[in-house]
Amino acid sequence: MRVCILGGGTAGWMTASALSKKLKNIIKSVTLVESEAISTVGVGEATLPHIRLFNETLGIDESAFMKQTEATFKLGIEFCDWGRLGDKYIHPFGDFGQTINGVEFYQHLMKLSKHGDYGVLNDYAFGIVAAKNHKFQLPKEGKTALQQAFGYAYQFDAGLYAKFLRRFSETNGVRRIEGKVVDTLVDAKSGDITSITLDDGQQIAADLFVDCSGFRGVLIEQTLKSGYQDWSNWLPCNRAVAVPCERQEHLSPYTRATARQAGWQWRIPLQHRTGNGHVYWDEFISQDEATSVLLSNLDGPALDEPKQLYFKTGRRNHFWKNNVVAIGLSAGFLEPLESTSIHLIQEGITSLLELFPHETTSALDISEYNSRMALQFERVRDFLLLHYVATKRDDSDMWRYFTNMTLPDSLQQKIDGWLHRGYVQRYEFGAFLPPSWVAVMMGQNLCPKNYDPRVDNSHFEQVKQQSQSMRADIAGAVSKAKTHADFLNVIGAASNTERLRAK
Amino acid sequence: MSNQDISQLLVFGNTLAASMTVLALSKALPRNIKILWVKPSVPCASDLLYGGISSPEAYQFNLQYGVTEPQLILDTDTTFTFGTRYNSWGKHNRAWMQCFHLPFAATSGVELHHFMTRHNATLGDFLISAQAAMKGTFAHPPTDNLQSPLSRAEYGYHFDPSQWSAIFFDKIDKARVKIINGNIESLKHSQGQIDQIDIDYVQLDDGTKLQANLYIDCSGTSSQLLSRLNNDFVCQRTVQLSSKTLECAQTGPARRLITGTEQGWLSVTPLRQKNHELSLFESSVGDEQANGQTFTLGYRTKAWQGNCVAIGHAAYALEPITPAPYILLKKDIERLLELIPVNHETQIESQEYNRRFKDDLIHAELFHRAIYAQQRDVGYGECEKLDRKLTQYLHRGILASFDFEPFNPQDWAILHSGLGRVPQRYDRMAEQVDFEKMQAHLDTMSKGIAHLASNMPTHHLYLEKLSMYLKDSKQHGQ
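What counts and how
- Residues numbered from 1 in each chain as written.
- Chains lettered and ligands numbered in written order.
- Predicted model: local features only at pLDDT ≥ 70, side-chain atom pairs only at ≥ 80, totals over all residues.
- Heavy atoms only, no water.
- Helix = DSSP H or I, 4+ residues; strand = E, 2+ residues; numbered from the N terminus.
- Rg over C-alpha atoms; globule rule 2.2 N^0.38 Å.
- Buried < 20%, exposed > 50% of the residue type's maximum accessible area, 1.4 Å probe, protein only.
- Contact = heavy atoms within 4.5 Å.
- Areas by Shrake-Rupley, 256 points an atom, 1.4 Å probe, with all protein chains shown as cover.
- Lys, Arg positive; Asp, Glu negative; His and termini not counted.
- Charge placed at Lys NZ, Arg CZ, Asp CG, Glu CD.
- Axes fitted to C-alpha atoms, helices over the stretch in contact; angles between N-to-C directions.
- Parallel < 35°, antiparallel > 145°, perpendicular 65-115°, else oblique.
- Left-handed = near helix turned anticlockwise from the far one by under 90°.
- Nonpolar A, V, L, I, M, F, W, Y, C, P; charged D, E, K, R; others polar.
- Buried area = accessible area lost by both parts, 1.4 Å probe.
- Salt bridge = Lys/Arg side-chain N within 4 Å of Asp/Glu carboxyl O.
- Polar contact = N/O pair within 3.5 Å; in protein donor to acceptor, adjacent residues only side chain to side chain.
- Domains from an automatic or database assignment.
- Phe/Tyr/Trp six-rings, centres within 6.5 Å; stacked < 30°, edge-to-face > 60°.
- Lys NZ or Arg CZ within 6 Å of the ring centre and 35° of its normal.
- Pairing = 2+ DSSP bridges.

*Asks:* Before we go on, may I ask you to explain the overall build of chain A in this structure?
*Replies:* Counting its regular elements, chain A contains 15 helices and 23 strands. Taken over C-alpha atoms, the radius of gyration comes to 23 Å for chain A, in line with the 23 Å a tight globule of 503 residues would show. Burial analysis of chain A (503 residues in total) assigns 62% to the buried set. Intrachain contacts of chain A at a sequence separation of at least 6 include 78% that bridge at least 24 residues. Within the structure as shown, chain A displays about 18900 Å² of accessible surface, and the carbon and sulfur contribution to it stands at 47%. For chain A, the distance from the average site of its 54 positive side-chain charges to the average site of its 57 negative ones is 3 Å.

Here is the structure:
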């Protein structure tokens, strides 16, 4: 089987790396077509912990990868001004506290909070306390279960990650061809794409095409007319402006997402610079205003000219159609509020590997792939939407828009269960586990009216003592942990690059 | 945050479900929530529908409520089980050991069952729980030697529901739970919150009227509370079950045996020095069987209506061809504990309970449907979810899954293999593993497992020694 990947951004090179490594000797050839003339979006510089598994299965050394991609560790996302102006909370990777008598700790804290100052949920997560103090250590270094109950991801330069994976892929036999697609040849009978023609006249024939061409969806949409499910009624932000700036002295092991009047702003600290962007809804703010908001809220001087991006939230009707699999932005777009872009790429690659065609593509493989990816996208969509609707903000037209929104049933049920009794409806297949839902709902002041009745079955004094021990355990361990920057040095992940300075 | 204003729960029934539910509620809920248990004098016959077999989760579930394995071994006829051996099953007289097992070891990221397809091997040869069960041996999986193949085995129990009911009953703090021996003669209900009917009170056979915030129907298949609020039972088929217990010289192997028959199937469940035999007859195939009891298999569309929730067989009746009835009971109780109402507005709880109930039931039933698919027509209709599972497996060995299924991917892989379902293809990543080396590895693995299984003690001997040890420990106060 010959595979042609169209597009060389994060999605393209991640796909090339995985196929060339995991299906070596099985795939006849992997060709990646990209054009230096087409700039990549560089989806999401922040990631979810799942990416560690992706890198591990490729045999990528963590320190080397971090050094070459200017990566930092990520313990979560700090959300500012979401529930109310002035609020902030961190959504960590991991749980809060330890269950007591089989009941989640946050339920006990809801009761405790009625009887005094027992801190906030954030005090019971090692990842959050470490993040706030710019500290980092690996979970396995924790001396107690609580100190180990967190996950971590990375923040990196997506362009450098693509380059890193390009080297990896080429070593594994991937052939890179420079060029732009000017034509596609479709078999009239099967509807499959048989070849693409590049601007220099080269024809690249393949049995399977992976469309990583970004928003345009050159193969999946422009050629095969997959169609698009528009979700902008739920997630209406449709533009972003991005710019890097000089980094702060403290290297934060977390991403920040600050709510704005007509969108939100990201801040992703890397070793050599900080990535920033303002996602917004053009209905309520102009491009100039959005850029101005971004530029006036940077850590340091901008390093480049702001770059505009345009998008429509939603997903393709078919992620895989005929012999074309869309991975990355060509498959769909969900704003990077929870760093899910690279995660969805990874999900697509994982499923493709498992369902990789034998001689020809099969309708059964296509339908299984499409079912899985549809579920993943839908569940991420609900989680993102939660951030916009779990709020008391009504200080702008955008926030007022969300006040009256009819939510998808799946999300409405979750919120109802939470508000009534702090119950989190669970699922098995999806990026976000219950602690993530708890983090956002608690963090954005969705306060349950009641707590789980089983909480009252625990001895109150003992619960008080346990909770104090938990906080002390975490605080003590964090105080002894290395700073984020020191940790990067110690493991050999510190970059040799000078910090970028504005000209 | 409001005060919790649920003050009284009423459980009704004399079933395993009732004993387990009352014990769980009494241990998990605060004392300000009073628990009444109206317990009829005669145990319900529908406990037969557990088939006398639990899943591996029983150990942990029992333990958290104070019921220990040593107690079950010393005080009841409970024996260990590695699963169920099916014999003469379906059109092709299939035979296989449906064993319990932890996730299979993967090689180069590829799951074991794909290598079975590639190397034309039989999955059961590589599963210690299957091999030991076939050889009649047993030992506890070690927790301190993860290199041993036995550490991947899981086990459940063969049990007598009435004995387990008694054990759970004994564990109940009688000062915590008010037990009323009696029967519910009638109940009064009225329109409650939006679109729901609530029970106002129940009246016992001695005329006593009892009220509660939540009525928990554990009355078995008669569903004496819920069915009076809304009789929405979806009938799937009618079967007859007859059972008998035969003494035997020594305890049988650590597996249940189910043999397909012309009329249905016959199961033999080894208890301590006795075998419990259960025969299922499809009602369509002939006259009523001697000593047979008729059961209508099916389920209620909503297990929680108004202020009444049905647990176990009061909500559904599945044939006991797998441990599904036990698994579902356990899930019912866990779901109920998570959703004990916080006040009189129970719509959120009932809606969520019913959503999860339906998913669990449908997913458990998928496994039953899969046992019969292309083997025997018992009236199951089309099922999109099963279709996805079967086609994906047959196509390329994909174990398509849904959220929180009662049967895990290993169960499904073993079932497919047992029924002779061979995927047309296997995971392509398997080709990265050298064929000869993998074949050698598989040969070594199967020989090692067969050797280990043969060298384990026989189940009956293991039980005898364990009992002696436990008795001795008890006498010495350890």
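*Asks:* Looking at this structure, how should I read the packing of helix α1 (residues 16-28) of chain B against helix α6 (residues 161-171) of chain B?
*Replies:* Two packed helices can be described by the angle between their axes and the distance between those axes. All names here are of chain B. Where α1 meets α6, the axes come as close as 8 Å, and the angle between the chain directions of the two elements is 25 degrees. With respect to α6, the axis of α1 lies roughly parallel. For α1 against α6, the interelement crossing comes out left-handed. Touching L16, S19, M20, L23 and K27 of α1 are P161, W164, S165, F168, F169 and K171, all from α6. Looking at the contact of α1 with α6 residue by residue, the class counts come to seven nonpolar, two polar and two charged.

*Asks:* Looking at this model, I keep getting lost on the interface of chain A and chain B. Mind explaining?
*Replies:* Quoted interface sizes are often the accessible area lost when the parts come together. At the interface, 43 residues of chain A touch 43 residues of chain B. Of the roughly 3900 Å² buried at the junction of chain A and chain B (both faces included), carbon and sulfur atoms supply 51%. Scanning the region where chain A abuts chain B turns up six salt bridges. Where R425 of chain B meets E359 of chain A, a salt bridge forms, and the shortest distance between an N and an O atom there is 3.8 Å. Our count for the contact surface shared by chain A and chain B stands at 29 residue pairs in polar contact (both at pLDDT 80 or more). Every element with two or more residues in the side of chain A that touches chain B is listed here: α1 (10-22), α9 (341-354), α10 (363-389) and α12 (409-421) of chain A. When the residues that make up the side of chain A that touches chain B are grouped by side-chain class, the tally is 14 nonpolar, eleven polar and 18 charged.

*Asks:* Would you mind showing me how to read the domain arrangement of chain A here?
*Replies:* Residues and elements named next belong to chain A. In terms of domain boundaries, chain A breaks down into domain 1 (2-45 + 157-231 + 316-361), domain 2 (95-153 + 379-483) and domain 3 (239-310). Spacing between the C-alpha centres of domain 2 and domain 3 amounts to 27 Å. Contact with domain 3 buries surface across domain 2, with A131, H134 and M398 losing the most and accounting together for 47% of the total. Scanning the region where domain 2 abuts domain 3 turns up zero salt bridges. Joining domain 2 to domain 3, the criterion identifies four residue pairs in polar contact (both at pLDDT 80 or more).

*Asks:* What's the story with unusual backbone geometry in this structure? I'm lost.
*Replies:* Residues other than glycine predominantly adopt negative phi, and peptide bonds predominantly adopt the trans conformation. Residues and elements named next belong to chain A. Positive phi values are uncommon outside glycine, yet E70 reaches one of about 60 degrees. Counting through the fold element by element, E70 comes out in the loop between α3 (62-68) and β3 (72-74). A residue is classified by how much of its surface remains accessible, and E70, at 3% relative accessible area, is buried.

*Asks:* Where do I start with the pattern of salt bridges in this structure?
*Replies:* Opposite charge on two side chains permits pairing when their charged atoms draw close. All names here are of chain A. Counted under the stated rule, the structure contains 44 salt bridges over all chains. Its salt-bridge partner being R499, residue E249 comes within 3.3 Å of it at the nearest N-O pair. With a gap of 250 residues between them, E249 in the loop between β14 (239-245) and β15 (255-260) and R499 in the segment after α15 (484-490) connect regions that are remote in the sequence. Among the ionic contacts, a cluster of salt bridges with common partners joins E34, E36, R176 and E178.

*Asks:* Got a minute to help me understand the packing of aromatic side chains in this structure?
*Replies:* Aromatic ring pairs are reported here in terms of the distance separating the ring centres and the angle at which the planes meet. By the definition in use, this model includes 55 aromatic pairs over all chains. Aromatic side chains F73 of chain A and Y152 of chain A sit 5.3 Å apart centroid to centroid with 75 degrees between the ring planes, which places their arrangement in the edge-to-face category. Here F73 of chain A is found in strand β3, whereas its partner Y152 of chain A is found in the loop between α6 (145-148) and β7 (153-155), with 79 residues between them in sequence. Considered together, F73 of chain A and Y152 of chain A belong to a single accessibility category, that of buried residues. Judged by centre distance (5.0 Å) and plane angle (85 degrees), the rings of F367 of chain B and W412 of chain B are edge-to-face. On the criterion of sequence distance, the pair formed by F367 of chain B in helix α9 (residues 347-372) and W412 of chain B in helix α11 (residues 409-418) is long-range, its members being 45 residues apart. By the burial criterion, F367 of chain B is buried, and W412 of chain B matches it. Pairwise contacts between aromatic rings join F80, F82, F138, Y155, Y157, F159, W164, F168, Y326 and Y462 of chain B into one cluster. Taking the ring centre of F169 of chain B as reference, the NZ or CZ of K174 of chain B above it sits at 4.5 Å.

*Asks:* What am I meant to see in the pairing of strand β12 (residues 208-211) of chain A here?
*Replies:* On a regular strand, one side chain projects to one face of the sheet and the next to the other, so that they alternate. Residues and elements named next belong to chain A. Across the two faces of β12 the burial is the same, with L208 and V210 and F209 and D211 all buried. Bridging between strand β1 (residues 2-6) and β12 involves four bridges; their strand directions are parallel. Bridging from a neighbouring strand, L6 pairs with D211 of β12. Relative to strand β21 (residues 324-326), β12 runs parallel, the two sharing three bridges. Each bridged residue has a counterpart across the sheet, and for V210 the counterpart in β21 is V325.

*Asks:* I keep staring at the sheet that holds strand β9 (residues 197-204) of chain B and nothing clicks. Help me out?
*Replies:* Hydrogen bonding along the main chain pairs the strands of a sheet, whether they run parallel or antiparallel. Residue and element names in this part refer to chain B. The three strands lie next to each other as β8-β9-β10, forming an open sheet whose pairing is antiparallel. With partners counted over all chains shown, the strands left at the sheet margins are β8 (184-191) and β10 (209-210), one partner each. As judged from the seven bridges shared by β8 and β9, these two strands associate in the antiparallel manner. Within β9, the residue paired with S186 across the bridge is Q203.

*Asks:* I tried to follow the sheet that holds strand β2 (residues 29-34) of chain A on my own but got confused; where do I start?
*Replies:* Residues and elements named next belong to chain A. One open sheet holds the six strands; their spatial order is β8-β2-β1-β12-β21-β20, and the pairing between them is mixed. Among the strands making up the open sheet, the edge pair consists of β8 (175-178) and β20 (320-321). Inspection of the sheet shows β20 paired to β21 by two bridges, in the antiparallel sense. By the bridge assignment, K321 is partnered in β21 with V324. Across the sheet, α1 is in contact with β1, β2, β8 and β12; its angle to β1 comes to roughly 160 degrees.

*Asks:* Mind showing me how you'd approach the environment of V30 of chain A here?
*Replies:* All names here are of chain A. Positionally, V30 belongs in strand β2. Sequence separation between V30 and S20 is ten residues; the distance between their C-alpha atoms is 7.0 Å. Dropping the residues within four chain positions of it, V30 is found in contact with V3, I5, G173, V174 and R175.

*Asks:* What is the right way to read the packing of helix α10 (residues 384-396) of chain B against α11 of chain B from this model?
*Replies:* Residue and element names in this part refer to chain B. Here α10 crosses α11 at 65 degrees, and the two axes come no closer than 12 Å. Here α10 lies roughly perpendicular to α11, going by the angle between them. At the point where α10 passes α11, the crossing takes the right-handed sense. Taken together, the residues of α11 that come into contact with α10 (itself represented by L386, K389, L390 and Y393) are W412, A413 and H416. Among the residues forming the contact of α10 with α11, the class breakdown is five nonpolar, one polar and one charged.

*Asks:* Teacher, can you tell me more about the environment of G124 of chain B here?
*Replies:* Residue and element names in this part refer to chain B. Position of G124 relative to the elements: it lies in the loop between α4 (112-118) and α5 (128-135). With a relative accessible area of 22%, G124 lands in the partly exposed category. Along the chain, G124 and D75 lie 49 residues apart, while their C-alpha atoms are 33 Å from each other. The contacts of G124, once residues within four sequence positions are left out, are A130 and Q131.

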